Amino acid sequence: MATGLQLMVVPAIDESHLTPLPLRGDAQAVADYFLEEVLADLDEELREFLLVTSVPEVFTLELAQALSKGTPTTMPIDRLVRLSVVAAQPGDEAVEYHYHPVLREFLLARLRARGRSTVEALEAIAAEWFAGRQDHPAALRHAILSGDPECIEVILRRCGMHLILTGHAAAVLEAITHVSPRLRADPAVRMLLAAAELDLGDASAAAAALPSLAGAGESVAARRWRTGIDLHTALRRGGLLEALDRGEPDLDEPIGEAPLDTYAHLQAAMGELYVGRLDRADEFARLASDQARTTGMAAAELQAGAILNTSALFRGRLRDVVDSATRLDDRWQALGRPESPFYEVTRVWRYWVPYEAMREDDAECALIAAAAVIDNGSEPAIARGLRGMLSLVRAERTDGPHDVALELLDTLAPRDDAPLPVHWYAMMGSFAVHAFHRLEEPTLRDCFLEAMTRGLGAAGDAGVMRAMAALHDRRHGLAREELATVLEGAAPCLLPASLIDAWLVEAALDVHAGEPDRAQLSLATALALAEPEGHARRVALADPVIGRLLAARATPGSRTRFADEVRERLATAGVLVEEELTERERVVLAALTRRATLRQIAQQEFISPNTVKTHVRNIYRKLGVSDREAVTAAAHALGIG
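Anyway, here's the lowdown on the structure attached to this text.

What counts, and at which threshold
- Going along each chain's sequence as written, the residues are numbered from 1 onward.
- Restriction of local features to residues with pLDDT of at least 70 applies here, the model being predicted, together with a cutoff of 80 or more for giving and counting side-chain atom pairs; totals for whole chains, interfaces and linings are based on all residues.
- With hydrogens and water stripped out, all remaining heavy atoms of the structure feed into the side-chain values.
- Residues form patches when they are more than 30% accessible in relative terms and have no salt bridge. Like charges link within 9 Å. Nonpolar side chains (Val, Leu, Ile, Met, Phe, Trp, Tyr) link within 5 Å.
- Only the protein chains shown count as cover for residues, and the accessible areas themselves come from Shrake-Rupley with a 1.4 Å probe.
- Should a side-chain nitrogen of Lys or Arg be within 4 Å of a carboxyl oxygen of Asp or Glu, the pair is scored as a salt bridge.
- When charges are counted, Lys and Arg contribute as positive and Asp and Glu as negative, whereas His and the chain ends are disregarded.
- Charge coordinates come from a single atom per side chain, which is NZ of Lys, CZ of Arg, CG of Asp or CD of Glu.
- Helix numbering and strand numbering both begin at the N terminus, where a helix is a DSSP run of H or I of at least 4 residues and a strand a DSSP run of E of at least 2.
- Type-normalised accessible area, obtained with a 1.4 Å probe on protein chains alone, sets the label of each residue: buried when under 20%, exposed when over 50%, and partly exposed for intermediate values.
- Each aromatic pair joins two rings of Phe, Tyr and Trp (for Trp, the six-membered one) with centres within 6.5 Å, and gets the label stacked for planes under 30 degrees apart, edge-to-face for over 60, and tilted for any other angle.
- Working rule: Lys NZ or Arg CZ, within 6 Å of ring centre, within 35 degrees of ring normal, means a charge sits over the ring.
- To get an axis, fit a line to the C-alpha atoms, keeping to the stretch in contact for a helix; angles then go from 0 to 180 degrees between the N-to-C directions.
- Orientation categories follow fixed angle ranges, with anything under 35 degrees roughly parallel, anything over 145 roughly antiparallel, 65 to 115 roughly perpendicular, and all other angles oblique.
- In this scheme the crossing of two helices becomes right-handed for a clockwise turn of the near helix relative to the far one and left-handed for an anticlockwise turn of less than a right angle.
- Between two residues, a contact is recorded if the distance between any of their heavy atoms is within 4.5 Å.
- By the convention adopted, Pro, Cys, Tyr, Trp, Phe, Met, Ile, Leu, Val and Ala count as nonpolar, Lys, Arg, Asp and Glu as charged, and the other residues, Gly among them, as polar.

On to a negative patch on the surface. Together, Asp32, Glu36, Glu37 and Asp41 give the surface a local cluster of negative charge. One can find aspartate 32 in helix H2 (residues 28–39). For aspartate 32, a relative accessible area of 33% puts it in the partly exposed group.

Written out as structure tokens, the structure reads:
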């Protein structure tokens, strides 16, 4: 049969050539061929079997029996396989059979010729069969094809939330358009519609679809559903704390309906992540992940994994982020690589970590992963934040600084109607402040800081950002005031890395105050905090005096392997240019480490004591030290003495 189909041709416009055209099973020439070459030698029972089993794209023995209303199917299928009319292939649980697409199209055309009711009945049987096998997308597809509002209603009620949690919200919306106005007014269907609209990013349509608040007689399942939608709506439009306060008492125990439990726990996990309660976010995400994995809800499982991965990032566990993202990537592959903006966000984090560590080649991949989330369009608030991240990464390579600064303000400043996690603002904020400084946009920076202060509230991260701005503006007293509550612990930071920024600002202020020893101690504290997770970029972006302190190597904190790595990366990036000692200064430094006096050095080198003093002053300045003990330590770090 396949050979005959492949040989069929029709004249093209240029009749000197024969061009194969796409074949249609309902074309007259094709129909004649099948009638004469395929069906002519089959008995009536086998012809009937062909027609009814053409409804699904693939079928098993069990499905064929359901479509044939209990008629034995083994012998008909064996005969059709021997005649090469049907093809067999191994399936996940049983052998699956299918017809050539053109033959199936022909069979469906003949089936429709019997009347719409015949096809609808068979499609409804297929829908019910697939629903019973937990193949929810196939069940909904056949329910829609049946055109039977009652069949669609049954499948929506049975599979609707599961479909949303497996990434088929658009199919759910399409199915709802096929049901009767009476059914569309049903509260459960309206909540399903709202959940689908929210999943696709349309909070306004979701709000319009929601039924009015129910009374005390609302069922446990309906209440769980409404809690999830309430939280999901707040994630899109704001008011998360209020929504969490309303919903959390209802969420601690599963109600036994996996799709509703998973949906509500996912939204609670997202909400807790957004308001900064990471322990609760992890708790709800693990519940949702276990439920989703047990019931095969791929999109929900990936979202729960993304929440846990993001929580690790916000806790400052950058190395864990890369490891967990790799494991999630393996799981994504095992699930068939489904589309998921939340999974793509974990890819962004996987490459943001090298960005913070100043490993630029890997960091470029963050741009690609972020662009994929933005293009998806289903998470507008997240897409907005990622656009800001892209502008941040590209800010150093722009020809239009004012436009970039405007975009940073528009995309990274907190907004009530498009909320993002508070830790996100803390993470991006310090980088944004540095970017405003590079772009020479102090007015836009101050607008950004005002928004950050409102968005972060009493968190110390906003105070650190304000201190960075005050340092840049040479308002050192104000910078000290902003840092005091943070360094004393009165205003805890959301982000562990914010303390790195705080100590870097403190070190710069110490230099400006003429206290080099205290500055080196502050720098050593910053480096000790930065070393475990490799936060090199924060050091690179700090006040220029930090580079000079780092080059001096005057304290143990600036002579560690991590400090050497930072110096190397800063030097490669052109941020750090160590002021080299002259040959004579190196000789004088070596003598200082041996406890030689200035007079002894002058006699040894045949130079005047005043010249020795000049060399010593230059050595102290270049090494950033203020006493003999510190200069000896710095000399040893440089391999001198």
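There's plenty left to go through after this.
For any two aromatic rings, the description comes down to two numbers: the centre-to-centre distance and the angle of the planes. Within this structure, the stated rule accounts for 10 aromatic pairs. For the ring pair tryptophan 129 and phenylalanine 130, a centre distance of 5.2 Å and an interplane angle of 85° mean the geometry is edge-to-face. Taken together, Phe49, Phe59, Tyr97 and Tyr99 form an aromatic cluster joined through their ring pairs. The aromatic ring of tyrosine 355 is capped on one face by arginine 537, whose charged end is 3.9 Å from the ring centroid.

Here we come to the pattern of salt bridges. Tallied over the full model, the rule gives 32 salt bridges. The closest approach of N and O atoms between aspartate 473 and arginine 445, which form a salt bridge, is 2.7 Å. With aspartate 473 in the loop between helix H26 (460–472) and helix H27 (476–487) and arginine 445 in helix H25 (residues 442–456), this pair connects stretches of sequence that are 28 residues apart. A salt bridge links aspartate 510 to arginine 518, with the shortest nitrogen-to-oxygen separation between them at 3.4 Å. By relative accessible area, aspartate 510 is classed as buried at 0%. With relative accessibility at 41%, the residue arginine 518 sits in the partly exposed group. Within the structure, one salt-bridge network assembled from shared partners comprises Arg480, Glu506, Asp510, Glu515 and Arg518.

Attention shifts here to the packing of H26 against H27. Packing of H26 against H27 brings their axes to within 8 Å, and their N-to-C directions diverge by 160°. By the angle class used here, H26 and H27 are roughly antiparallel. The element H26 and its partner H27 pack so that their crossing is left-handed. On the side of H26, the interface is formed by Gly460, Gly463, Val464, Arg466, Ala467, Ala470 and Leu471, while H27 contributes His476, Leu478, Ala479, Glu482, Leu483 and Val486. Of the residues contributing to the contact of H26 with H27, the split by class is eight nonpolar, three polar and two charged.

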